[in-house]
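Secondary and tertiary structure notes
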Amino acid sequence: MPKSKTVVITGAGGFIGGHLAAHFLSAGHKVVAADIKPLDEWYQVHRKAQNHAGPVKGDCRDFKVCRAICRGADEVYQLAADMGGMGFIENNKALCMLSVLTNTHMILAAQEAGVDRFFYASSACVYNADKQKNPNITALKEADAYPGLPEDGYGWEKLFSERMCRHFREDFGLNTRVARFHNVYGPEGTWEGGREKAPAAICRKVIAAVVSGKHEIEIWGDGTQTRSFMYIDDCVKGINLITHSGILEPINLGSSELVSINQLVDIAEEIGGVKLQRRYKLDAPKGVAGRNSDNTKIQQYLNWEPSTTLRAGMEKTYRWIFDEFTAKYTAKTAHKSSISTFTKGSHPIPGDGFNPESKFMDTWTQGIPAGYGGAGGGSGKKRAGKAVGAKRGK
């Protein structure tokens, strides 16, 4: 990618978006960063970027916001989504599906602006659940997404948006690229609150046990469920390679190193220098029995695949979370870190309800972007039904 490109990143206040923004800024490009979260809730804030933050300027569900940030752009990276770990996506299916509004408006705005490339962050949750019933899974090939039976809510939204990217390319000539992420982890990401992925959650639980001296850990499911986990540096490199390649089909972007949740706990215990008594919560959200990335195609296309070992990536992640944890909790308060704000029946709003800008804006109780003017209310009255919120970014 030559110098002086203007790059738009949505979900830039999230985990992957923050790392991606750092990558493009370090390469000398202009970065336009947008996220629905207020700036002080972003995981990384890059002052050299043009930052559009908060529910008025950064809500990419609003077509006017999408148009504004895409104007003059060369490339768009659509990472904004309402998502989290399995505990979140299993209990907030409607919120996850509302991300289709962001995807639709962003691809429309990108097409209108005449951008050169449009990257869409999909997920391994698009894969047919019938192919993921055995922990000793055969790695998932790209073709295994059909016939469609994805993760309910989140997976369906991703699969639909993949098709939308295809048809915008075929019908309108927009250069779309799609990668299916497989469980990205690393420093500068969510590690508590209910939206964190398994590596961060396991690190946090082991650290809490070390700090508190209470040597036990709760594991969701029976621990035999298997996954692969991709370190953030590999993810950023993969996004860049795929976006600037000739790959037209959705492609796996993930590690092929399969591990069980029990083995993941083993690694975290080894790093923490502790051995814990394990309690298995069998009624907790645990997702499919097994999921792994078949990297045959990405190797054929790019002669590359994610290569950071899980042990090496977990070491870096554990050390970062340990510093974050001990800055916030003591031995007496460590147990509070296990409390999730996204349990069954919860109604999350931006910032988990603790940020004044998020908590008191009328638009979030109705789930309508602020830019829609009259449709967004102003009466202060809550509509019937559940409150809808959107903490953005991956």
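Note that the structure is a prediction, hence the values are computed from the model and not measured.

1. Notes on the overall build of the protein chain
When helices and strands are counted, the protein chain shows 14 helices and 13 strands. Counting all 394 residues of the protein chain, 56% fall into the buried class.

2. What about the side chain of Ser-123?
Turning to its location among the elements, Ser-123 is positioned in strand β5 (residues 117–123). Only 2.9 Å separates the side chain of Ser-123 from the backbone nitrogen of Cys-125, close enough to count as a polar contact. Ignoring anything within four residues of it in the chain, the contact list for Ser-123 reads Tyr-154, Lys-158, Ala-179, Arg-180 and Phe-181.

3. Brief notes about helix α10 (residues 261–272)
Its 12 residues place the ends of α10 16 Å apart at the C-alpha level, agreeing with the 16 Å of an ideal helix rising 1.5 Å per residue. What α10 keeps buried is the set Ile-261, Asn-262, Leu-264, Val-265, Ile-267, Ala-268, Glu-269 and Ile-271. For α10, the elements touching its buried residues are α8 (198–212), β8 (216–220), β12 (258–260), β13 (277–281) and α12 (310–328). Phi turns positive, to about 65 degrees, at Gly-273, one or two residues after α10.

4. Thoughts on the packing of α10 against α12
Remark: α10 packs on α12, axes separated minimally by 10 Å, with the N-to-C direction vectors making an angle of 55 degrees. Between α10 and α12, the crossing angle belongs to the class labelled oblique. The element α10 and its partner α12 pack so that their crossing is right-handed. Residue-level contacts link Leu-264, Ile-267, Ala-268, Glu-270, Ile-271 and Gly-272 of α10 to Leu-310, Arg-311, Met-314, Glu-315, Tyr-318 and Arg-319 of α12.

5. What to know about helix α6 (residues 99–113)
One full turn of an α-helix is made of 3.6 residues, so residues set three or four places apart face in the same direction. Look at α6: 21 Å from first C-alpha to last across 15 residues, which is about the 21 Å you get at 1.5 Å a residue. Buried residues of α6: Ser-99, Thr-102, Asn-103, His-105, Met-106, Ile-107, Ala-109 and Ala-110, and no others. Count one or two residues on from α6 and you reach Gly-114, which has phi positive near 70 degrees.

6. Some details on the pattern of salt bridges
Tallied over the entire structure, the rule returns 23 salt bridges. The residue Arg-61 makes a salt bridge to Asp-59 at a minimum N-O spacing of 3.1 Å. A relative accessible area of 0% places Asp-59 in the buried class. For Glu-216, the salt bridge is made with Arg-279, and the minimal N-O distance between the two is 3.3 Å. Taken as a pair, Glu-216 in strand β8 and Arg-279 in strand β13 lie far apart in primary sequence, 63 residues in all. Taken together, the shared-partner salt bridges connect Lys-214, Glu-216, Glu-218 and Arg-279 into one network.

7. Some thoughts on the environment of Leu-98
On the secondary structure map, Leu-98 appears in the loop between α5 (93–97) and α6. Overall, the relative accessible area of 37% leaves Leu-98 in the partly exposed class.

8. A closer look at the pairing of strand β6 (residues 176–181)
For β6, a buried count of 6 out of 6 residues is recorded, marking the element as mostly surrounded by other parts of the structure. By the alternation rule, side chains of β6 split into Thr-176, Val-178 and Arg-180 and Arg-177, Ala-179 and Phe-181, which are all buried. Where β5 lies against β6, 6 bridges are found, and the strand directions are parallel. Pairing of Ala-121 across the sheet is with Ala-179, part of β6. A crossover connection joins β5 to the parallel β6 through helix α7 (residues 154–172); in handedness this β-α-β unit is right-handed. As paired strands, β6 and strand β11 (residues 251–253) are joined by 3 bridges and run parallel to one another. Note that in β11 the partner of Phe-181 across the bridge is Leu-253.

9. Focus on the nonpolar core
Membership of the largest hydrophobic core comes to 60 residues, with the highest contact counts inside it found for Ile-9, Ile-16, Tyr-77, Phe-181, Ile-239, Leu-253 and Met-314. With 7 residues, α8 is the single largest residue contributor to this core. Dropping the residues within four chain positions of it, Ile-9 is found in contact with Gly-17, Leu-20, Ala-21, Phe-24, Val-31, Val-32, Ala-33, Ala-34 and Tyr-77. Counting residues in hydrophobic clusters, the runner-up holds 22 residues, among them Val-65, Ala-109, Met-164 and Phe-168.

10. Let's talk about unusual backbone geometry
Cis geometry is adopted by the peptide bond preceding Pro-147, which originates at Tyr-146 and carries an omega value of 0 degrees. Following the sequence through the fold, Pro-147 ends up in the loop between β5 and α7. Unusually for a residue other than glycine, Asn-183 sits at a positive phi of about 50 degrees. Secondary-structure assignment places Asn-183 in the loop between β6 and β7 (184–185). Here Glu-188, not a glycine, exhibits a phi torsion of approximately 65 degrees, which is positive. Tracing the sequence through the fold places Glu-188 in the loop between β7 and α8.

11. Some words on the confidence of the model for the protein chain
When pLDDT is averaged along the protein chain, the result is 86, and 85% of the positions lie at 70 or above. In this model, residues 341–368 is a region of pLDDT below 50 whose contacts with residues beyond four sequence positions or in other chains number 77 contacts. The low-confidence segment residues 374–392 (pLDDT under 50) makes 57 contacts with residues lying over four places distant or belonging to another chain.

12. Quick word on the sheet that holds strand β1 (residues 6–10)
A sheet is described by the order of its strands in space; here 7 strands give the open sequence β3-β2-β1-β4-β5-β6-β11, paired in parallel fashion. The open sheet has two edge strands with one neighbour each: β3 (50–53) and β11. With direction set aside, neighbouring strand axes in the sheet form an average angle of 20 degrees. Examined bridge by bridge, strand β2 (residues 30–35) and β3 share 4 bridges and lie parallel to one another. Bridge assignment links Ala-33 to a residue of β3, and that residue is Asn-51. Strand contacts of helix α1 (residues 15–26): β1, β2, β4 (75–78) and β6, with the helix running at about 170 degrees to β1, the strand carrying the most contacts. In this fold α6 packs onto β1, β4, β5 and β6, with an angle of close to 175 degrees to the strand it touches most, β4.

Rules used in this analysis
- Residues numbered from 1 in each chain as written.
- Predicted model: local features only at pLDDT ≥ 70, side-chain atom pairs only at ≥ 80, totals over all residues.
- Heavy atoms only, no water.
- Helix = DSSP H or I, 4+ residues; strand = E, 2+ residues; numbered from the N terminus.
- Buried < 20%, exposed > 50% of the residue type's maximum accessible area, 1.4 Å probe, protein only.
- Polar contact = N/O pair within 3.5 Å; in protein donor to acceptor, adjacent residues only side chain to side chain.
- Contact = heavy atoms within 4.5 Å.
- Expected span 1.5 Å × (residues − 1).
- Axes fitted to C-alpha atoms, helices over the stretch in contact; angles between N-to-C directions.
- Parallel < 35°, antiparallel > 145°, perpendicular 65-115°, else oblique.
- Left-handed = near helix turned anticlockwise from the far one by under 90°.
- Salt bridge = Lys/Arg side-chain N within 4 Å of Asp/Glu carboxyl O.
- Pairing = 2+ DSSP bridges.
- Right-handed = clockwise from strand over helix to strand, strands pointing away.
- Core = buried A, V, L, I, M, F, W, Y, C linked by side-chain atoms within 4.5 Å.
- pLDDT = per-residue confidence, 0-100.

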